[in-house]
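Okay, here's what each chain looks like letter by letter:
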Amino acid sequence: MGVNAANAAVKVGDVAPDFTAASSAGTQIHLKDEIGKTPIVLYFYPKDDTPGCTAEACSLRDNFAAFRKLNATVYGVSYDSVESHQAFVEKYKLPFLLLSDSDKSIAKLYGSDGMLFAKRMTFVIDRGGKIAWFNPSVNPATHSAELEKVLAGLQ
């Protein structure tokens, strides 16, 4: 059920580490408050408005109806500021929230922290608040389809 990496901070079956972060909507997202509502896709990416990250975000956007049908909530996380996230969301009409991890604390909790940028990794958190799946080496081109299959398996 997903890939396990020896160096990951969390693994499948672990309780998802809690955090609070500022979102692209100007609100605070507290993971603990979101657990139980829907499965959560928490995807870490290096930087707003760069080629790979834009391709990944737009692929998720283009497949967003499928995520809604599967009752999933999607959050993107990078070290960028809320203002950068707002511009990225607006430019590409992203239908999901981006979370600012400017102090790298969320990425550290999940083992996605890199020196300059967050590592491209994705976690799926089930309704019970546990890591149901993760991919430590996401391919932006196939990410959305991969997530759709994972989420369908949680239904």
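For the structure, check the block above.
Cut-offs used in this document
- Residues numbered from 1 in each chain as written.
- Predicted model: local features only at pLDDT ≥ 70, side-chain atom pairs only at ≥ 80, totals over all residues.
- Heavy atoms only, no water.
- Axes fitted to C-alpha atoms, helices over the stretch in contact; angles between N-to-C directions.
- Helix = DSSP H or I, 4+ residues; strand = E, 2+ residues; numbered from the N terminus.
- Parallel < 35°, antiparallel > 145°, perpendicular 65-115°, else oblique.
- Contact = heavy atoms within 4.5 Å.
- Nonpolar A, V, L, I, M, F, W, Y, C, P; charged D, E, K, R; others polar.
- Core = buried A, V, L, I, M, F, W, Y, C linked by side-chain atoms within 4.5 Å.
- Buried < 20%, exposed > 50% of the residue type's maximum accessible area, 1.4 Å probe, protein only.
- Expected span 1.5 Å × (residues − 1).
- Phe/Tyr/Trp six-rings, centres within 6.5 Å; stacked < 30°, edge-to-face > 60°.

Student: Sorry, what's going on with the packing of helix α2 (residues 51–62) against helix α6 (residues 143–153) here?
Tutor: Helix-helix packing: each pair is described by the crossing angle between the helix axes and the interaxial distance. Two elements in contact, α2 and α6, have axes separated by 8 Å at closest approach and are oriented at 45°. One finds that α2 runs oblique with respect to α6. Here Glu 56, Ser 59 and Leu 60 of α2 lie close against α6, whose contacting residues are His 143, Ser 144 and Leu 147. Taken together, the residues of the contact of α2 with α6 sort by class into two nonpolar, three polar and one charged.

Student: Please explain the nonpolar core as it appears in this structure.
Tutor: Looking at soluble globular proteins, one finds that nonpolar side chains tend to be buried together. In terms of nonpolar packing, the biggest core is built from 23 residues, with Tyr 43, Phe 67, Leu 94, Phe 96 and Leu 98 touching the most fellow members. Contributions of two or more residues to this core are made by β3 (40–44), α2, α3 (64–69), α4 (82–92) and α6. Top element by residues in this core is α2. It accounts for four residues. Beyond its immediate stretch of four places on either side in the chain, Tyr 43 contacts Glu 56, Ala 57, Leu 60, Val 74, Tyr 75, Gly 76, Val 77, Phe 96, Leu 98, Met 121, Thr 122 and His 143. One finds Ile 40, Phe 44, Ile 106 and Phe 134 within the second-largest nonpolar core, a separate group that totals 22 residues.

Student: What am I meant to see in α2 here?
Tutor: Each turn of an α-helix holds 3.6 residues, which means side chains three or four residues apart point in the same direction. For α2, built from twelve residues, the straight-helix expectation of 16 Å at 1.5 Å per residue is met to within 8% by its first-to-last C-alpha distance of 16 Å. Of all the positions in α2, only Cys 53, Thr 54, Glu 56, Ala 57, Cys 58, Ser 59 and Leu 60 are classed as buried.

Student: Explain the packing of aromatic side chains here, please?
Tutor: Aromatic rings in a pair are described by how distant their centres are and how their planes are angled relative to each other. Under the definition given, this model contains eleven aromatic pairs. With a centroid separation of 5.7 Å and 45° between ring planes, the pair formed by Phe 44 and Tyr 110 is classed as tilted. Here Phe 44 is found in strand β3, whereas its partner Tyr 110 is found in helix α5 (residues 105–110), with 66 residues between them in sequence. On the basis of relative accessibility, which here comes to 0%, the residue Phe 44 falls in the buried class. On the basis of relative accessible area, Tyr 110 is assigned to the buried category, the value being 0%. Judged by centre distance (5.1 Å) and plane angle (65°), the ring pair of Tyr 110 and Phe 123 falls under edge-to-face. Separated by 13 residues along the polypeptide, Tyr 110 in helix α5 and Phe 123 in strand β6 (residues 121–125) bring together distant segments of the chain. A single burial state applies to Tyr 110 and to Phe 123, both of which are buried. Of the aromatic side chains, those joined through ring pairs into one cluster are Tyr 43, Tyr 45, Phe 64, Phe 67, Phe 88, Tyr 92 and Phe 96.

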